[in-house]
Every structure is written in structure tokens, then in C-alpha cells.
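Remarks on the overall topology
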Amino acid sequence: MYPRRGRGNRSAMEIQLKTLLPDKMAHKHRVSGSEDDSSPLMDEEALSSSSHDSLPIHTGEQRRAAPSKHRTWIKRLITGSGPSKTPRTIPLAGNVPSEKYPPNVIKNQKYNVVTFLPIVLYEQFKFFFNLYFLLVALSQFIPALKIGYLFTYFAPLSFVLVVTIGKEAWDDWKRYKRDQEANSQVYQKLTSSGYQGTPSSEIKVGDLVLIEKNQRVPADCILLRTTESGGACFIRTDQLDGETDWKLRIAVPYTQKLANDQALLRLRAFVYAEKPHKDIHTFVGNLSVETPTGDQVEPLSVENTLWTNTVVASGQAIAMVMYTGVDTRAVMNTSFPSTKVGQLDLEINRLSKILAAVTFVLSITMVALNGFRGLWYIYMFRFLILFSSIIPISLRVNLDMGKTVYSMQIMRDNSIPDTVVRTSTIPEELGRIGYLLTDKTGTLTKNDMELKRLHMGTMSYGGESMEDVRGLVQTAYSARQGTEGSAFRFKRARDIASRVRDIVQALALCHNVTPVIADDGEITYQASSPDEVAIVKWTESIGLTLYFRDRNVIRIRTPDGQMLDFQIIELFPFTSETKRMGIIVKDTATGEIFFYQKGADAIMSKIVQYNDWLDEECGNMAREGLRTLVIGRKRLSEEALREFQRRYSEAKISVGDRNNIMQQVVSETLECDLELLGLTGVEDKLQDGVKTTLELLRNAGLRVWMLTGDKIETATCIAVSCKLVSRNQAIHQIAKMTNSMEAMEELSLLQGKTDCCLVIDGESLHTYLDRHHLEFIQVAIRLPAVVCCRCSPTQKAEITKLIKKYTGQRTCAIGDGGNDVSMIQAAHVGVGIVGKEGKQASLAADFSVTQFSHLTRLLLWHGRNSYKRSAKLSQFVIHRGLIISIMQAVFSAIFYFAPIALYQGLLLVGYATVFTMAPVFSLVLDKDVSEDTALLYPELYKELRKGRSLSFKTFFIWLTISVYQGGVIMMLATWLFEDEFINIVSISFTALIFNELLMVALEINTWHPYMVYSEVITVALYISSMWVLKTDFDLTFILTTTFIWKTAVITAVSSFPLYILKFLKWRWNPPSYTKLAG
């Protein structure tokens, strides 16, 4: 470690700290001395009074912080190591104890060897079906309750468990292999003996790591050096925030200037970093270097960082590891949303409880009819076991397999290519949607920007007149080359050409776009915002091309081929809080210094000089659906620049609330009385088929809400142009509503307008959600369309949850950006669009599509089929269990209410599997209407939302059918075969199997090849099994004509009346779709 200084230096240190701290905090800070080096650098009261982590100055006198005493290895073993809770000070190239910080291990496994079975079994037996059958199976170990063979009860349950456990084990094994592959990636670590290969899992806090081009960043790091002379480095962040555009990162200036990499190891320096947190867009830290002339402090911000899972896109980088493992931003932002359960699953769960009650009532009835004789309670439990097939364990297996089929059909649909089903448990939800919540930019629109309008107060250009701008720019730059000095440019009465040149030059300089020149000389642009790329492409189209940019210089090419260099003095990037960006540049040819700024009109109107046209023109452009940007500039003298730089440098190393202090300096010194250069209007084109899609969905009965961050005028225009607002609908606008009384009055006015579109801004929305959310949602859910503007991601999620809570209807949220993820995860069904903003929304969604128009087919066709098929399949499987239980009840009643099993062993197992499974499962390919009819008549979708395909009414209809068929089969088998009563098992079972096969043919709407083949093959298998199961079938009796014709009569009586009833129902009360098809 570095030698300590004596106490005589304390006063100097205190003075140095006081210059960096606010006055009210400086007196509370103290510096560690030589005797008590373990005391904290800052008083805890001072630390807690700041909204940000306080940043100390580090010198050779300060040692690294001692390991946390309260976190012991025992606590880590019991609770696991969560994110660290305190800031950290790390010596550059020093030794950091590995036990102090979490290991850099990627672990996405859900289980380990110890927890696998307990967790998986718990997840299975928390469902009523599985728990019920477990109890039934365990009851067979009690001699008094034993009925039949053990495998009869354990085989179905074991099959379900083995399939589930195997699937979970396979999925977790794949996660383990992926983790192992990531953890074993080798990185070069800088040591005193050179670079050494180190696996990612062994990288520790404080290590200096070399990251190659196209290599994943293994941990959260501080960028120290790059191969670019200016210290610039581009990274790809699509795996972190979903954005596909490259981001610019800058190496720490002091370390970038070092002679070579080994010089890093000789530095006496410390890095201070704030405590780990989730925000990937902010970072506060300091690099303190001890030099012969004194301590030098370099402020660190997010532009000096490389977060885990980002990828270096240009050159090589040397970075110092600051956070590892669970402390990294990527891990802290990894959320595991709650598993979504479909409404159909909830309905089936309710029906299963009714079935349990039916089982209990039937058992009690059997005992009661016998007069509660003998050990009646034992008999009751035996009856409960005999009737256990009323709750079919195969139901969940059939439904899960059906959902897999639906998911495959969706992904293989050529009409909606590249659609991905990420949550295969809720495809039926697509057929029950009542509310659609959609983003605007990139979802309804293409996020394909084009500058359409340029307005400068007295002059306006757009459409064909844009060609005039090209000529004016060329004239202005030709004049520049032929004049002395810059008097022409800055005299008050400038001509039109110079004014156009000024705004075009401002647009070519004020951005964060970087040109990338390909081998063939073609220039492409990288930026985090498509708006900026659109503007830079427009300046290129009129002759002013962004040719080169690094962290120090911007070079633009004029229409006549001349190169103009501008030195970048300071850059103020765009943030969602400031809603503007600025840049200070110096013209290297003339020495003039300008501050350029562009931003939202609501912000910029307060910054630019007074004018009487800006607000009006912003409104006009917004009504045309254009996104507006206001451009201003300010000329700076050398003296004014020096004063700004002095104050800004002090703000950069401030210890409390750094960002606000920096912004305050910018506001006070730069953002006042800017010259208004003009206003731009950028068009975001509508997605293909948006108008048709919204009209179809509205006709299908969906209520559509647009939740966007755009301004009211732009959102309203897009809502009208995309047909979200129908032709005759009025628009009711609520804006800037902060008063509770006025807010309630607006709601009262809105209550009488049931056929209008509500447009509300974020400020008013906040008022309603904060104070009157119940009243607001009760009024809003009655409206056919709602547009919420200036919405934050949190507000989007909150609105989604309110609609879910107060309507009880299924919601679908669709978006394409990272700001839509919370809304997508909050909805019953989340749909993500793979767009220009990246894949973050797509990866977080249940379904991923490539464009908004695919939603029509997803809901109206696949949603319909999934719901109707699952409803019919589940009820048929329940019927299959009910009918055999009714037969068992009749059989027991004939034998003086004795709890004796009618079917045992392989017959009982085969009934739900080999003998009926394939035909019953063919219902998952059924369709009640054609594809064209479903898409042509979206009104059919309204019927699905009523849930009539699976309801208490349909359940009791199936219950009645099961009672009738089970009773008829058993009674007729007893009556017709009275002389052959010993063969009652083979008689009744054969009639039962053929009855179920006929029921499949009766219930299915469209006979398809799979159904026909499955029926024929099943009949062949059943007949063949008679030769194998000789204990259950007497072949000499079965091969007689008496057996055949009497079995046929039983089957006909049990099933033929249902054909008649179905025919009469279709004749007198046909379904609505048959009328349309006809």
C-alpha cells in the first residue's frame, strides 16, 4: 500500500474537501488519521442528508475500506449474497479481498441438487388435481381402503410427474450449460507480468481486463483506455436495454493519456463508486490520482462505464472491474415476473372443486341409500376412491399438450411470419381480450423518421419547397468562402440564405450521431434516437454532410466539398428529465464559439427569446402528426466560456446531488435568451395495415387505449389518422388538470358522452391516478377509445392494472420499446413488436410479432381456435371421467351398494390413454368457422368474450349427458345380458369405448384426417387388446353375434338421442356463425 502522510497534512485535506462539499456538509466530514484508520471518511448524518452517494477525495493517506463486519459467511450460506448496500473505494491495480464482493458468476438456474425435487413437487401438488390424486393413491396403502391394483392409481399420477420433472430438469440443465459456457469465457487480465487468460467466473473487483472487439463485457467496469486515440469506444446494448443503436463511451481522460497499458499498474490511484443500483443510465464516481503536484480528481459518469452483457463494437478497451455478480446492473434488472395464469385455467380450477363436491355427494348418497350400515365411513372413503375418476388427472396433460399445439400453429402461420410464442400457457387468452393497450411510436407508427417541415418564423419549407433549401445552403456556404471574417453571418439583418444556413448548420452539429464509413465509402449513422438520425440524413440530403466525429471534433462537408471542423468543447446529452440536448462547439476556422440546443417545445419556449409564433406553429405541426423540435443558439465569448467551464468543472466533482448541480450551472449560464433559429417537424409513418387492424378490432368489441409519451396534439392527430377515433366520434380533451374540483367536474361532463374519445395528458392523468383513480377508471372504461399522452412507463403499468382490477376483463398490451415492458408484463397478455427500438419489449412479452397488423390474425383467428378448442377439450375430458363414475355408481347400486370396483388394472388405465386419448385429442384441431369468416366478421369475437364455450351452463349440460349415458349403458348392459352377467365388464366397457368414439365424431365441428385416422386406429387397438387382456374378455363370448348386436344397441341408445337433440338445436337455434357462413 501507499505510505501514509502525517497528521500535519490534515488541515490541507480538510480544505480540499470543503471545496468539494456544500457548505452545510463540509463541517461534518473528517479525514482518517494515522491512528484510527478504520473510522469512516464521512459522517453518516452527512451521507444520509444527500440524495446521492457522497463522493470523497481519495489520496494515498486513505486505505481501502475494511470488509463489512455484519456479512459473515454463515449469513451468505443461509440467505445468499444479495446486492451490496454501500459505496466502494477500490485501489487501481491493488489487491481487493475476494470475499468482500460477490463472485462474478452467472447463474440462471432455478434449482440446485438439493432444492430441485422439493420445489418441483411443491409446484405440482399446489394444484388441486394433483393433490387430490396423490391423496387417493396414498390411501391405497391403507388395507381397508385398498381397491384394485396400486399401479392403477399411481401410474397416471407418476406419468404426469415424470413428464413434468423431466421437462423441468431438461430446461434447467440447458440453463446450466448456458451459464457454464458464459462463465468459462476467457478474458485477458492485465498483471505485472503481462496479460493472463482468466475465466469470466474468476474475474474480481479491481481487476484490469482487456475486452476485444465483439466481446461481451463480463462485469460492470470503468473504461480506462481504448485503442482510439481520443478514448472513444462504441458498445452495443441490445442485450441490456433492448436498443439496437450503438452507444458512445469515453475512457477516463487521465488514464487514456498514459504511455502504455503497464503504466496503469504504476498509478497511485483510487476509484470511488456509488453503491450498486438498477439504473443503467446513471453513475456517480471519482478517480483520484496521487501525483507529485498534488491529488488530481477525475469525475466519472455513465459515459465512462461498460455494463455487463454489453458488447464492445469498436476497437479494444481496458477496463477496471467495479461490480461483479449480483451487484451488476444486468443482474439487478433481471426480473422474474409472476407466472401468468389464463382465465380458462381458473375456470377449470373452479369446476374441479364442483367435481370434488359431486364426488363427495355421490359417495354420501351411496352410503345413505344403504342405510349407513356397518362401517359406513370406511365405505364412504372407498366410494370416494372409486369415484375419483370424476376429477380426471389427464385433464391438465391434455390441456398442456393442446396449448403446445396452438403455440406451434401460431409460430408456423405463414401469414404472420417470425411470430414467437414465449409463454405457451395462455394462448386461449388471445380469444378473450376486452381491452387493448397500445404504444404509439414504433407500434402504431414505423419509428421511421423523415424531416418534413422546417419553419423559421417568417419562412416555412416543406414538400417540394425543400429543394429551395438546398439552393439556399449552397449559396450561403459559397458566400462564406468568398467573404472576410464573419460579419455577413452575424449582422442583425441577415438575408434568407444565411438564416437557412444557420439552422441547417445547427442541425448538422447539435446531435449525438456518429458517422460510420464503410469500405465502399458509404456513410451510415449510429445514434440512440431515430429522430437524430433522420435530421442528420436530411442535412446530408441538402448538401451538409456529417463526415467525421470523435469526442473532440465534428467535421462536416459543405455542398462544394469543403471540410469544416468544429471543436467539441462540451456536450449535454438528451435525457427524459431535461427533454433537450445541447453542445458547445468552436469553429476552428473563425474561432467563434456557439452553444446550440434543441428540445421539446414545452421546454425550449421558456429558454429562447420572446417570439409570437412558436406555440402556434408547434400546434399546427402536431395536428399534422409531426414530432416537433425547437432549435436555438447562443454566441459565447472566451470570457463567458471560461467562467462556465470553471463552474461546470466544480459541479462535476461535487459530492452531493451532482446531476442537479451540473444542470443548474447550465441553466444559469447557457440556457437563457437563446436566439430562436427555427422549428423542425419530423414525420413518423404509420405501420402497414394499422387503420384496417384497429377498425377490425373495434368492430370485434375491443376498447383501445393508446398510451404514449408524445404530446397531446401529435397523439390526437395519429389517433385520428390511424382510425382509432372513428369518423363520427367526438374528442374530449383534458389537459394540465391539477385541481381536484376541476378534475371531478371534467369527469361529470364526460359521463354523458358515451361515444367519444378521451385525450388526457400525463399531468392530468397523474392527478386522477393519485386522487380519483376509482372515479376516473369507472368513466374511462365506458369509452370506446382513450388516448393518454406524456405517459411514463409507471403510469402505463398502473393504468393496465386499474383496468384489470375494475373491469374483470382480459387486457392485452402491445409495444416495441423498453418503456413498454412494465405495461406488457402487467397485462394478461403481453405482445412485443421487434422494432427499431430493439428487442427488449419482444423478449419480455408473451407473444412476439413483427408488426401491429399481425394482431388481427393473432386474436380473431388463433385466439378463437385456442379458446374454443380448449373449452371443448376440457369438458370432454371431464365427461370421460364422469360417465365411468356414473357407471360405477349404478354397478354398486345393483350389488347392494357395495364399494366394489367395476373396472380394474389395465382397463382403467387404458380407458384414459390408449383407448380414447388420440380421438379426444383430435379436438385440438377442430374449427367451427373458416379462417376467412373469422377475419371477415370480427363481430364473432364478441361471443368469445362472454365465455359461453365454458360456463356453468355448459358444465351442467355435460354432467347431464354423462349421467344419461352412464346410466343407459350400465342399465341396458344388465338388462340385455342378464344371462351372461358374468361378462358385464367386457359388455359395458366395449359399449363405453364405442360411445366415446361416437361422441368425438358428434362433438367435432369439422372432420379432419387426424380425427378419422385416430378413430379407426383406436378401434383396431381396442379389438386387438381383447386377445391380450384375456382375464377381462372372454373371446368365445365376444365373437358371438349376440354380443355384437346387443353392444351396438346399447351404444346407439346412449348416443343416438344426442344426435337428434343436436340436429334440432342447430335447426331451430343455429349459432351466429352459421348464419354468416350461409
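Residues numbered from 1 in each chain as written. Predicted model: local features only at pLDDT ≥ 70, side-chain atom pairs only at ≥ 80, totals over all residues. Heavy atoms only, no water.

- The name an unreviewed UniProt entry assigns to the chain is Phospholipid-transporting ATPase, from the organism Spizellomyces punctatus.
- Quoted verbatim from the Sequence similarities (unreviewed entry) field of the UniProt record, the comment on the chain reads "Belongs to the cation transport ATPase (P-type) (TC 3.A.3) family. Type IV subfamily."
- As its UniProt record puts it under Cofactor (unreviewed entry), the chain is described as follows: "Mg(2+)". (UniProt positions renumbered as here; feature names shortened; annotations may be inferred.)

**Some details on the overall build of the chain**
- Across its full length, the chain carries 39 helices and 33 strands.
- Counting all 1078 residues of the chain, 53% fall into the buried class.
- Summing over all exposed atoms, the chain offers an accessible surface of approximately 48,100 Å²; the carbon and sulfur share of this is 56%. (Helix = DSSP H or I, 4+ residues; strand = E, 2+ residues; numbered from the N terminus. Buried < 20%, exposed > 50% of the residue type's maximum accessible area, 1.4 Å probe, protein only. Areas by Shrake-Rupley, 256 points an atom, 1.4 Å probe, with all protein chains shown as cover.)

**What about the sheet that holds strand β7 (residues 246–250)?**
- Read from one edge to the other, the open sheet built from 3 strands follows the order β7-β6-β12, with strand pairing classed as antiparallel. In the strand order of this sheet, the two ends are held by β7 and β12 (311–312), each with one partner.
- As paired strands, strand β6 (residues 232–236) and β12 are joined by 2 bridges and run antiparallel to one another. Across the sheet, I235 pairs through a bridge with V312, a residue of β12. (Pairing = 2+ DSSP bridges.)

**Some thoughts on the UniProt feature "active site" (unreviewed entry) in the chain**
- Under the present numbering, the feature "active site" (unreviewed entry) in UniProt falls on D439.
- In this structure, D439 sits in the loop between β15 (433–438) and β16 (445–455).
- Look past the residues within four positions of D439 in its chain and what remains in contact with it is L444, L707, T708, K796, I814, G815, D816, D820 and M823.
- At 3.4 Å, the side chain of D439 forms a polar contact with the side chain of K796. (Contact = heavy atoms within 4.5 Å. Polar contact = N/O pair within 3.5 Å; in protein donor to acceptor, adjacent residues only side chain to side chain.)

**A few points about the sheet that holds strand β30 (residues 785–788)**
- Pairing in this open sheet of 9 strands is mixed, and the strands run β14-β33-β32-β31-β15-β27-β30-β29-β28 from one edge to the other. Lying at the two open borders of the sheet, with one neighbouring strand each, are β14 (420–421) and β28 (730–734).
- Note that β15 and strand β31 (residues 810–815) share 5 bridges and pair parallel. Residue pairing in the sheet places I433 in a bridge with R810 of β31.
- Of the strands in this sheet, β28 and β29 (756–760) are in contact with helix α23 (residues 740–751), which crosses β28 at around 170°. (Axes fitted to C-alpha atoms, helices over the stretch in contact; angles between N-to-C directions.)

**Description of the packing of helix α35 (residues 984–1003) against helix α38 (residues 1041–1068)**
- Contact geometry for α35 and α38: axes closest at 9 Å, N-to-C directions at 30°. Classified by the angle their axes make, α35 and α38 are roughly parallel. For α35 against α38, the interelement crossing comes out right-handed. Contacts between α35 and α38 involve S986, I987, T990, A991, F994, N995, L998, M999, A1001, L1002 and E1003 from the first element and F1043, T1047, I1050, T1051, S1054, S1055, L1058, Y1059 and K1062 from the second.
- Among the residues forming the contact of α35 with α38, the class breakdown is 11 nonpolar, 7 polar and 2 charged. (Parallel < 35°, antiparallel > 145°, perpendicular 65-115°, else oblique. Left-handed = near helix turned anticlockwise from the far one by under 90°. Nonpolar A, V, L, I, M, F, W, Y, C, P; charged D, E, K, R; others polar.)

**A short note on the packing of aromatic side chains**
- Tallied over the entire structure, the rule returns 26 aromatic pairs.
- Judged by centre distance (5.4 Å) and plane angle (35°), the rings of W173 and Y176 are tilted. With W173 and Y176 both in helix α7 (residues 150–183) and 3 residues apart, this pair spans about one turn of that helix.
- Judged by relative accessible area, W173 falls into the partly exposed class, the value being 44%. (Phe/Tyr/Trp six-rings, centres within 6.5 Å; stacked < 30°, edge-to-face > 60°.)

**Quick notes on a positive patch on the surface**
- On the surface, K579, K606, K736 and R790 cluster together into a positively charged patch.
- Its location among the elements puts K606 in the loop between α17 (601–604) and α18 (614–623). (Patch = residues over 30% accessible without salt bridge, like charges linked within 9 Å, V, L, I, M, F, W, Y side chains within 5 Å. Salt bridge = Lys/Arg side-chain N within 4 Å of Asp/Glu carboxyl O. Lys, Arg positive; Asp, Glu negative; His and termini not counted. Charge placed at Lys NZ, Arg CZ, Asp CG, Glu CD.)

**Overview of the confidence of the model for the chain**
- Predicted confidence across the chain gives a mean pLDDT of 83, with 88% of residues reaching 70 or more.
- Taken element by element, the predicted model of the chain shows its lowest mean pLDDT in helix α3 (residues 44–49) (32) and its highest in β15 (95).
- The low-confidence segment residues 483–493 (pLDDT under 50) makes 18 contacts with residues lying over four places distant or belonging to another chain. (pLDDT = per-residue confidence, 0-100.)

**Focus on the environment of R249**
- With respect to the secondary-structure elements, R249 resides in strand β7.
- As for R249 and T226, which are separated by 23 residues in sequence, their C-alpha atoms are 9.9 Å apart.
- Setting aside residues no more than four positions away along its own chain, R249 makes contact with L223, G231, A232, C233, I235, V302, E303, T305 and L306.
- In this structure the side chain of R249 is engaged in a polar contact, spanning 3.1 Å, whose partner is the backbone oxygen of T305.

**Some words on the pattern of salt bridges**
- Summed over all chains, the structure comprises 34 salt bridges.
- A salt bridge links R646 to E643; the nearest nitrogen and oxygen atoms lie 2.8 Å apart. In this pair, R646 and E643 are both assigned in helix α19 (residues 638–652), 3 residues apart and thus about one turn of the helix distant.
- Among the residues examined, R646 registers a relative accessible area of 42% and is labelled partly exposed.
- Sharing partners across several salt bridges, the network here consists of E450, K452, E683 and K685.

**Some details on the packing of α23 against helix α24 (residues 762–771)**
- Contact pair α23 / α24: the axes reach a minimum separation of 11 Å and the direction vectors enclose 95°. Put simply, α23 runs roughly perpendicular to α24. Counting all contacts with α23, which are made through S740, A743, E746 and L747, the residues of α24 involved are T767, Y768 and R771.
- Here the residues of the contact of α23 with α24 sort into 3 nonpolar, 2 polar and 2 charged.

**Quick notes on the pairing of β6**
- Of all 5 residues that make up β6, 4 are buried, and the element is covered over most of its length.
- Examined bridge by bridge, β6 and β7 share 5 bridges and lie antiparallel to one another. In the sheet register, A232 faces β7, and the bridge partner there is I250.

**Topic: unusual backbone geometry**
- Backbone geometry places N214, a non-glycine residue, at a positive phi of 65°.
- Examined against the element boundaries, N214 turns out to sit in the loop between β4 (208–211) and β5 (220–226).
- Although it is not a glycine, R790 adopts a positive phi angle of roughly 50°.
- The residue R790 is located in the loop between β30 and α26 (793–807) in this model.
- Judged by its relative accessible area of 32%, R790 falls in the partly exposed class.

**Focus on the environment of S388**
- Along the polypeptide, S388 turns up in the loop between α11 (376–386) and α12 (394–411).
- Note on S388: relative accessible area 6%, which makes it buried.
- With sequence-adjacent residues up to four places away left out, S388 is seen in contact with Y132, F133, V136 and Y153.

**Structural notes on the state of the cysteines**
- Per the stated rule, a full pass over the model turns up 0 disulfides.
- You can see C757 has no disulfide; the closest cysteine sulfur is in C756, sitting 7.3 Å from it.
- For C791, which is in no disulfide, the shortest distance to another cysteine sulfur is to C788 and amounts to 4.8 Å.
- When its relative accessible area of 8% is taken as the criterion, C791 is described as buried. (Disulfide = S-S within 2.5 Å.)

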